Amino acid sequence: MPELPEVEVVRSGLDPAVTGAAIHGVEVFDRRSLKRHSPVEGDFERLLQGRTVLGAVRRGKFLWFPLSESPQSGPQALVAHLGMSGQVLLRTPGFEEAGLLRIRLHIEHPQHGEFWVNFVDQRIFGSMAVDRLVPTLDGAPAGFAGTARTAAALVPSQVAHIARDPLDPAFDERAFFAALARKRTGIKRALLDQTLVSGIGNIYADEALWAARLHYEHPADRLSRPRARGLLAEVRLVLEKALAEGGTSFDAQYVNVNGASGYFSHSLNAYGQQGKPCARCGTPLVREQFMNRGSHLCPHCQRRPRARPVAPVE
DNA sequence: CCTCACACCTGGGTGC
DNA sequence: TGCACCCAGGTGTGAG
């Protein structure tokens, strides 16, 4: 559920408190939350002990914190993915966490003092890991590090296959359109494919498709270039709008992506709106099963495309 | 190579 | 009240 806007809210909230802070303690309460940590890198707790956090970077839904170099290793970062239900919470030491606490970092910032960074995750789809940083293929900054900071052109190895997100200045539109034109699948599946474009999840996919008046099964390779451009514009609009709404109501010192507060539900036009009238035409919106998840759409504005002609069999 | 179904998880909700 | 069941969906994997 946390998609690009929610993860960015977490990144921007953590950034001032963790950048420059030293990690002086690590507690792992559930090893399952380390499923993305490769033992080849070394022991998770030992790798973090004594390192200084150099920043907070995001690409799509992936978040990482570059670490000061240790003598034994090349550049590394602490990687976090929130999965479905993950939260990274900045807490005053001693705070009793109500949710399912999986990992706790003890950090000390030269100006702001001591904090706990609590990784809470009900469903354990999220995780933390220490990963090595590798150069980006295009040489551009690896992700978004805040308006005042430029990310290095180094990306965690496990994030290297993730496409840039559509708000990244280095997002390659030409490559994206070309990739879309090669996809023999429905447009929603393509939007959710993080190797094509990252940061979009079920909620904002439905919102962008509604705005672009596209059915989720519209073949990606049969989208005209203008319609593909229009869709990308709607994706950006939806993400930026959510970002603007989420970025304001919130104390930068204390990060809380707690459930509903992060989901801007008041401004949704499609997701979860089944039964309500379409904001454009008044037709009741419907919810359908697609890809084992809910898809919300207007049956009038978003017509199912006619079936692809069956390929002749030799 | 590509596409797609499925496993991974558990609190909260529903129906009996 | 209790309990079995179902649902939410991001990502990695492996089948075909």
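Residues numbered from 1 in each chain as written. Chains lettered and ligands numbered in written order. Predicted model: local features only at pLDDT ≥ 70, side-chain atom pairs only at ≥ 80, totals over all residues. Heavy atoms only, no water.

This part takes up the packing of aromatic side chains. Counted by the stated rule, this structure contains 3 aromatic pairs. With a centroid separation of 5.7 Å and an interplanar angle of 50 degrees, the aromatic rings of Phe176 and Phe177 are classed as tilted. Ring centres 4.5 Å apart and planes at 35 degrees place the aromatic pair Tyr216 and Phe290 in the tilted group. Taken together, the positions of Tyr216 in the loop between α5 (202-211) and α6 (225-246) and Phe290 in strand β10 (residues 286-290) put the pair 74 residues apart, joining distant regions of the chain. For Tyr216, a relative accessible area of 5% translates into the label buried. A relative accessible area of 9% means that Phe290 is categorised as buried. Between Arg104 and the ring centre of Trp116, over which it is positioned, the NZ or CZ distance is 3.6 Å. The aromatic ring of Trp210 is capped on one face by Arg280, whose charged end is 3.9 Å from the ring centroid. (Phe/Tyr/Trp six-rings, centres within 6.5 Å; stacked < 30°, edge-to-face > 60°. Helix = DSSP H or I, 4+ residues; strand = E, 2+ residues; numbered from the N terminus. Buried < 20%, exposed > 50% of the residue type's maximum accessible area, 1.4 Å probe, protein only. Lys NZ or Arg CZ within 6 Å of the ring centre and 35° of its normal.)

Next up on the list: the state of the cysteines. Considering all chains together, one arrives at 0 disulfides under this definition. Distance from the sulfur of Cys281, which forms no disulfide, to the nearest cysteine sulfur (Cys298) is 3.6 Å. A relative accessible area of 33% places Cys281 in the partly exposed class. (Disulfide = S-S within 2.5 Å.)

Around DNA strand C, the surrounding shell holds 17 residues, and the nearest of these are His81, Met84, Arg123, Phe125 and Arg287. Sugar and phosphate atoms form 67% of the subset of DNA strand C atoms that lie within 4 Å of the protein. Between His161 and DNA strand C, the recorded distance is 3.2 Å, taken from a side-chain N or O atom to a phosphate oxygen. Within the side chain of Tyr271, one N or O atom sits 2.9 Å away from a phosphate oxygen of DNA strand C. (Near = heavy atom within 4 Å. Polar contact = N/O pair within 3.5 Å; in protein donor to acceptor, adjacent residues only side chain to side chain.)

The next point concerns α6. Over its 22 residues, α6 extends 31 Å from the first C-alpha to the last, a length consistent with the 32 Å expected when each residue adds 1.5 Å. Inspection of α6 places Ala228, Leu231, Leu232, Val235, Val238, Leu239, Ala242 and Gly246 among the buried residues, and these make up the whole buried set. Across the axial projection of α6, the buried residues extend over an arc of 125 degrees, all falling on one side. For α6, exposure combined with an orientation more than 90 degrees from the buried face picks out Pro226 and Leu237. Among the structural elements, α1 (4-18), α3 (173-182), α4 (187-192) and α5 are those in contact with the buried residues of α6. (Expected span 1.5 Å × (residues − 1). Arc of directions from axis to C-beta. Contact = heavy atoms within 4.5 Å.)

It is worth spelling out the pattern of salt bridges at this point. Using the criterion set out here, one finds 19 salt bridges in the structure. Connected through shared salt-bridge partners, Glu8, Arg11, Asp15, Arg58, Arg149 and Asp165 make up one network. (Salt bridge = Lys/Arg side-chain N within 4 Å of Asp/Glu carboxyl O.)

Right, let's get into the protein's contact with DNA strand B. Every residue lining DNA strand B is accounted for by Arg32, Leu100, Gln122, Arg123, Ile124, Phe125, Arg182, Lys183, Arg184, Thr185 and Arg189. Per the 4 Å cut-off to the protein, sugar and phosphate atoms form 70% of the nearby atoms of DNA strand B. Lys183 places a side-chain nitrogen or oxygen 2.7 Å from a phosphate oxygen of DNA strand B. With respect to DNA strand B, the side chain of Thr185 contributes an N or O atom lying 2.5 Å from a phosphate oxygen. Of the residues assigned to the surface near DNA strand B, the class counts are 3 nonpolar, 2 polar and 6 charged. (Nonpolar A, V, L, I, M, F, W, Y, C, P; charged D, E, K, R; others polar.)

Before going further, it helps to examine the sheet that holds strand β7 (residues 113-121). Taken in spatial order, the 4 strands make up an open sheet running β1-β6-β7-β5, and their pairing is antiparallel. Whereas interior strands pair on both sides, the edge strands pair on one side only; in this sheet they are β1 (22-28) and β5 (86-91). Ignoring which end each strand starts from, the neighbouring axes of this sheet average 15 degrees apart. Of the strand pairs in this sheet, β1 and strand β6 (residues 101-109) are connected by 6 bridges, and their pairing is antiparallel. Bridge assignment links Val26 to a residue of β6, and that residue is Leu105. (Pairing = 2+ DSSP bridges. Axes fitted to C-alpha atoms, helices over the stretch in contact; angles between N-to-C directions.)

Another aspect to go through is the nonpolar core. Counting 34 residues, the largest nonpolar core has Leu180, Ile187 and Leu231 as its most contacted members. Residue assignment for this core shows that the elements contributing at least two residues are α3, α4, α5 and α6. When residues no more than four places from it in sequence are discounted, the contact partners of Leu231 are Ile187, Leu191, Ala208, Leu209, Ala212, Leu214 and Leu223. In terms of nonpolar packing, the next biggest core, distinct from the first, is built from 31 residues, Leu34, Ala56, Phe65 and Leu90 among them. (Core = buried A, V, L, I, M, F, W, Y, C linked by side-chain atoms within 4.5 Å.)

Relative to the helices and strands, Asp30 is located in the loop between β1 and α2 (44-48). For Asp30, a relative accessible area of 13% translates into the label buried. A polar atom in the side chain of Asp30 sits 2.8 Å from the side chain of Arg32. Ignoring anything within four residues of it in the chain, the contact list for Asp30 reads Arg102 and Ile124.

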